[in-house]
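Chain residues, written in single-letter form:
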Amino acid sequence: MVSKWKKMKLALSLNLCNYLPRTLEEEPPSLALNSAETLSDAALLSPLNWPMTPTPSSYRRRLSRSSSKSSKTCSICLNKMKEGCGHAIFTAECSHMFHFHCIASNVKHGNQVCPVCRAKWKEIPIQKPSLDLPYYPFDRCNNDAAISLFRCLPPSQRAITQGHPEPATFDDDERLEEQIVFDGETEVLKKENRDYVRMMDMKMYPEVSAVPQSKSCENFDVLVHLKAVTGDQISQYRRAPIDLVTVLDISGSMGGTKLALLKRAMGFVIQNLGSSDRLSVIAFSSTARRLFPLTRMSDAGRQLALQAVNSLVANGGTNIVDGLRKGAKVMEDRLERNSVASIILLSDGRDTYTTNHPDPSYKVMLPQISVHSFGFGSDHDASVMHSVSEVSGGTFSFIESESVIQDALAQCIGGLLSVAVQELRVEIEGVSPNVRLSSIKAGSYSSLVTGDGHSGLVDLGDLYADEERDFLVSINIPVEEDGHTPLLKLRCLYINPLTKEITTLESHVLQIRRPEYVAEEKVVPIEVVRQRNRFLAAEAMAQARTLAEHGDLEAAVKAIENFRLVLAETVAAKSCDRFCVALDSELKEMQGRMRSSHMYEASGRAYILSGLSSHSWQRATARGNSRDSSSFVQAYQTPSMAEMLRRSQAMFLVSPSHHRLIQPLLSFASQPKPR
């Protein structure tokens, strides 16, 4: 047996002292990271087992033998570096510490700067790829089970961070989680899932409840209100699983704090997905690449996803089209499909590779899956991102301050993880032979009125738990000598995402009274006034945007001001209705962002488009950087969205002095239960 001092002397004589571990317990970086194994003398002395590049003293790896808990956190996998667990620790020359495996994997993706402080490293750690096993945040007693899970994954998923070339077809998605149901439990499970969405709550509000017999009415408004009423909050076990693809901008402009905050936001998303949910990440700069296929967010899947996301480096141009094309391909090529599917696009810049962005090209390129886009900063292409979301049925959010990226994503994820109704269609039928439908105002939702005016329909797509939809049906009412006139009835069809069953509901028949005369003019219900104001506000926003795009900012501001004056005279505004007060505040904010061409280019366009997206789809979007509860940032927000946003804000701490994150993501052991 060669003594410790003889080994050190031999290493010095070979002029390789920088490679030598400090203690006998330390293994060379190229060896498997298993503290239960001891190193032989041959393994310790063999230069083949030492790093491929010299490692200065500030880069020393060490295994801690102390039993005390460490407060250090690896900035790559965002888990605590527990001492005594047999995991090598890497200390960079800038003094930041990482798990050796994590930083070695980071280097493979071309990152030669510190993920924390962005300091450029002169030398980088290298580890043999054949032994590049991920670090699992489990206790030592559970490591065997964790590694077994990892080895059960398909090779394409085990190689998430290996930099392997992409396949021609993205049909390597991980199989859906098999749900084992014992004999006799199937019908019980189906009944529970059917009862979960108790009903689609349907209501109709006529603009007045009585019309004189001798009077006919044209463009008489009937408000149709729908809500996906749920018995309790959706949980991990009683919601539809999702296939999610995130398309992330990692161009050069995303460097520094932006990329760090984006990684943290993605970490939040990964940790809040359940084991039945599948995630794939596309990163794009000058070109796009898939980091990993659709992978179930099991413990092993989450760890692999975290490592892949945290290895991203910002450089190159901005090729949004290539990123979207690859994200769409992941969805189109998948062999199996979860009930819910969506794409999330995040970018801070303009596409520098595709000069023309006609809407039809995006419609052809994208599958029939909603794309929720998030533009942050003052340089993103709000018009293009809004168009992408509009043609796909998604929403566009404007993130003015990069510090709220995670909050914006959290709100979106809260909705996607609570889908209660899919492919909702509402059929409207005129009951009285002489009642005719003239128009349907449904925002961005597809609607149709038949040629004879006897019926119409609206396709409303998916609804989140407790989400509401309102649209106005304008009808013509004839002279009627009877005491009442039946107007409309509704028929509602949707798919239960849990049971895949089609449900059909029918409403009561809406009638109005027809007395000989009406003593005084009836007051229009506040529900109808609110929706009228919303539709008129959206029209004013669209008009102002058109004027602003043609350079007439003064006329754009005037268009909004004119509607604000009309809004102030409505019954809802005079009664200080909260909806109308918030709507007026939003319009005033838009006016302020159109005072100059510089302000409009920097934030006005994006703010208006995000507002239009929210009102036209009746779905919550992020706008600017406001968290004021009275603003429309919270409009259309569901309880599930609010809960996920609360989680995000509870764990998102920012250092005021350094403007960077100071609190790590929760470890798997302490994270909240996935939704």
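Up top is the structure these notes are about.
Quick summary incoming for the structure in this document. This is a predicted model, so every value here is computed, not measured.

Calculation notes
- Residues numbered from 1 in each chain as written.
- Predicted model: local features only at pLDDT ≥ 70, side-chain atom pairs only at ≥ 80, totals over all residues.
- Heavy atoms only, no water.
- Buried < 20%, exposed > 50% of the residue type's maximum accessible area, 1.4 Å probe, protein only.
- Helix = DSSP H or I, 4+ residues; strand = E, 2+ residues; numbered from the N terminus.
- Pairing = 2+ DSSP bridges.
- Right-handed = clockwise from strand over helix to strand, strands pointing away.
- Expected span 1.5 Å × (residues − 1).
- Bend = angle between axes of the 7 residues up to and from the residue.
- Phe/Tyr/Trp six-rings, centres within 6.5 Å; stacked < 30°, edge-to-face > 60°.
- Lys NZ or Arg CZ within 6 Å of the ring centre and 35° of its normal.
- Contact = heavy atoms within 4.5 Å.
- Axes fitted to C-alpha atoms, helices over the stretch in contact; angles between N-to-C directions.
- Polar contact = N/O pair within 3.5 Å; in protein donor to acceptor, adjacent residues only side chain to side chain.
- Core = buried A, V, L, I, M, F, W, Y, C linked by side-chain atoms within 4.5 Å.
- Domains from an automatic or database assignment.
- Salt bridge = Lys/Arg side-chain N within 4 Å of Asp/Glu carboxyl O.
- Parallel < 35°, antiparallel > 145°, perpendicular 65-115°, else oblique.
- Left-handed = near helix turned anticlockwise from the far one by under 90°.
- Nonpolar A, V, L, I, M, F, W, Y, C, P; charged D, E, K, R; others polar.

**Let's talk about the pairing of strand β10 (residues 371–376)**
Working note: regular strand, side chains alternate between the two faces of the sheet.
Point 1. Most of β10 is tucked away, with 6 of its 6 residues classed as buried.
Point 2. Burial of β10 is two-sided: the residues Val371, Ser373 and Gly375 facing one way and the residues His372, Phe374 and Phe376 facing the other way are all buried.
Point 3. In terms of strand pairing, strand β9 (residues 340–347) meets β10 through 5 bridges, oriented parallel. Within β10, the residue paired with Ile344 across the bridge is His372.
Point 4. One ladder, built from 4 bridges, connects β10 with strand β11 (residues 396–399); its direction is parallel. Looking across to β11, one finds that Ser373 is bridged to Phe396.
Point 5. A crossover connection joins β10 to the parallel β11 through helix α11 (residues 382–392); in handedness this β-α-β unit is right-handed.

**Examining helix α17 (residues 597–617)**
Point 1. Taking 1.5 Å as the rise per residue, α17 with 21 residues should run 30 Å; its terminal C-alpha atoms sit 28 Å apart, in good agreement.
Point 2. At Ser603, α17 is deflected by roughly 50 degrees, the largest bend along its length.
Point 3. Two residues or fewer after α17 comes Gln618, characterised by a positive phi angle close to 55 degrees.

**What to know about the packing of aromatic side chains**
Point 1. Inspection of every chain in the model, using the stated rule, returns 1 aromatic pair.
Point 2. Consider the rings of Tyr445 and Trp617, whose centres lie 5.0 Å apart with planes at 90 degrees: the pair is edge-to-face. You can see Tyr445 sitting in the loop between β13 (436–441) and β14 (446–449) and its partner Trp617 sitting in helix α17, a full 172 residues away along the chain. As far as burial versus exposure is concerned, Tyr445 and Trp617 are alike and both buried.
Point 3. In this structure, Lys329 packs its charged tip against the face of Phe170, placed 5.6 Å from the ring centre.
Point 4. Between the NZ or CZ atom of Arg534 and the centre of the ring of Phe535, over which it lies, the distance is 4.4 Å.

**Looking at helix α12 (residues 405–416)**
Point 1. The end-to-end C-alpha distance of α12 is 17 Å, a good match for the 16 Å that 12 residues give at a rise of 1.5 Å each.
Point 2. Extensive coverage of α12 is indicated by the burial of 12 of its 12 residues.
Point 3. Burial in α12 covers these residues: Ile405, Gln406, Asp407, Ala408, Leu409, Ala410, Gln411, Cys412, Ile413, Gly414, Gly415 and Leu416.

**Notes on the sheet that holds β10**
Hydrogen bonds along the backbone pair up the strands of a sheet, which may run parallel or antiparallel.
Point 1. The sheet built from 7 strands is open, its strands ordered β8-β7-β6-β9-β10-β11-β20 with mixed pairing. Two strands lie at the open edges of the sheet, namely β8 (288–296) and β20 (623–624), each paired on one side alone.
Point 2. Against the sheet, α11 contacts β9, β10 and β11, and its axis sits at roughly 165 degrees relative to β10.

**Focus on the side chain of Arg278**
Point 1. Looking at the secondary structure, you find Arg278 in strand β7 (residues 278–284).
Point 2. For Arg278, a relative accessible area of 0% corresponds to the buried category.
Point 3. At 2.8 Å, the side chain of Arg278 and the side chain of Asp173 are in polar contact.

**Remarks on the nonpolar core**
Point 1. If you look at the biggest cluster of nonpolar residues, it comprises 51 residues, and the most contacted ones within it are Val245, Leu345, Met541 and Met594.
Point 2. Looking at this core, the element that brings in the most residues is helix α13 (residues 526–549), giving 7 residues.
Point 3. The residue makeup of this core includes at least three contributed by each of domain 2 (242–417 + 629–653) and domain 3 (527–617).
Point 4. In contact with Leu345, other than residues within four places in its own chain, are Val247, Phe284, Ile320, Leu324, Val371, His372, Ser373, Phe374 and Met385.

**Description of the pattern of salt bridges**
Point 1. On inspection of all chains with the given rule, the structure shows 31 salt bridges.
Point 2. Residue Asp172 is joined to Arg290 by a salt bridge in which the shortest nitrogen-to-oxygen separation is 2.7 Å. In this pair, Asp172 is assigned in the loop between α5 (155–158) and α6 (186–196) and Arg290 in strand β8, connecting sequence segments 118 residues apart.
Point 3. Asp172 gets classed as buried once you look at its relative accessible area, which sits at 16%.
Point 4. What makes Arg290 buried here is its relative accessible area of 11%.
Point 5. Across the pair Asp221 and Arg532 runs a salt bridge whose closest N-O atoms are separated by 3.0 Å. Here Asp221, found in strand β5 (residues 217–230), pairs with Arg532, found in helix α13; they are 311 residues apart in sequence, far enough to count as distant.
Point 6. Judged by its relative accessible area of 10%, Asp221 is buried.

**Details of the packing of helix α7 (residues 257–272) against helix α18 (residues 639–651)**
Point 1. Remark: α7 packs on α18, axes separated minimally by 12 Å, with the N-to-C direction vectors making an angle of 130 degrees. Classified by the angle between their axes, α7 and α18 sit oblique to one another. Of the two elements, α7 crosses α18, and the hand of that crossing is right-handed. Here α7 contributes Arg264, Phe268 and Asn272 to the contact with α18, which in turn contributes Met644, Arg647, Ser648 and Met651.
Point 2. Considered class by class, the residues forming the contact of α7 with α18 number 3 nonpolar, 2 polar and 2 charged.

**Description of the environment of Ser373**
Point 1. In this fold, Ser373 is placed in strand β10.
Point 2. Judged by relative accessible area, which is 0%, Ser373 ranks as buried.
Point 3. For Ser373 and Ser387, which are 14 residues apart along the polypeptide, the C-alpha to C-alpha distance reads 9.6 Å.
Point 4. If we skip the residues at most four places from it in the chain, Ser373 touches Leu345, Met385, His386, Ser389, Thr395, Phe396 and Ser397.
Point 5. At a separation of 3.0 Å, a polar atom in the side chain of Ser373 contacts the main-chain carbonyl oxygen of Met385.

**Considerations on unusual backbone geometry**
Point 1. Even without a glycine there, the phi angle at Lys500 is positive, about 65 degrees.
Point 2. For Lys500, the position within the fold is in the loop between β17 (484–495) and β18 (502–506).
Point 3. Classification of Lys500 by relative accessible area gives exposed; the value is 53%.
Point 4. Of note in the backbone geometry, Cys576 takes a positive phi value of approximately 60 degrees without being a glycine.
Point 5. As for its position among the elements, Cys576 is in the loop between α15 (571–574) and α16 (578–592).

**What about the packing of α12 against α18?**
Point 1. The geometry of α12 relative to α18 is characterised by a closest axis approach of 7 Å and an angle of 150 degrees between their N-to-C directions. One element, α12, and the other, α18, form an angle in the roughly antiparallel class. Our pair here, α12 against α18, has a crossing hand that is right-handed. Counting all contacts with α12, which are made through Gln406, Asp407, Ala410, Gln411, Ile413, Gly414 and Gly415, the residues of α18 involved are Ser640, Met641, Met644, Leu645, Ser648, Gln649 and Met651.
Point 2. Each residue belonging to the contact of α12 with α18 can be placed in one class, and the counts come to 6 nonpolar, 7 polar and 1 charged.

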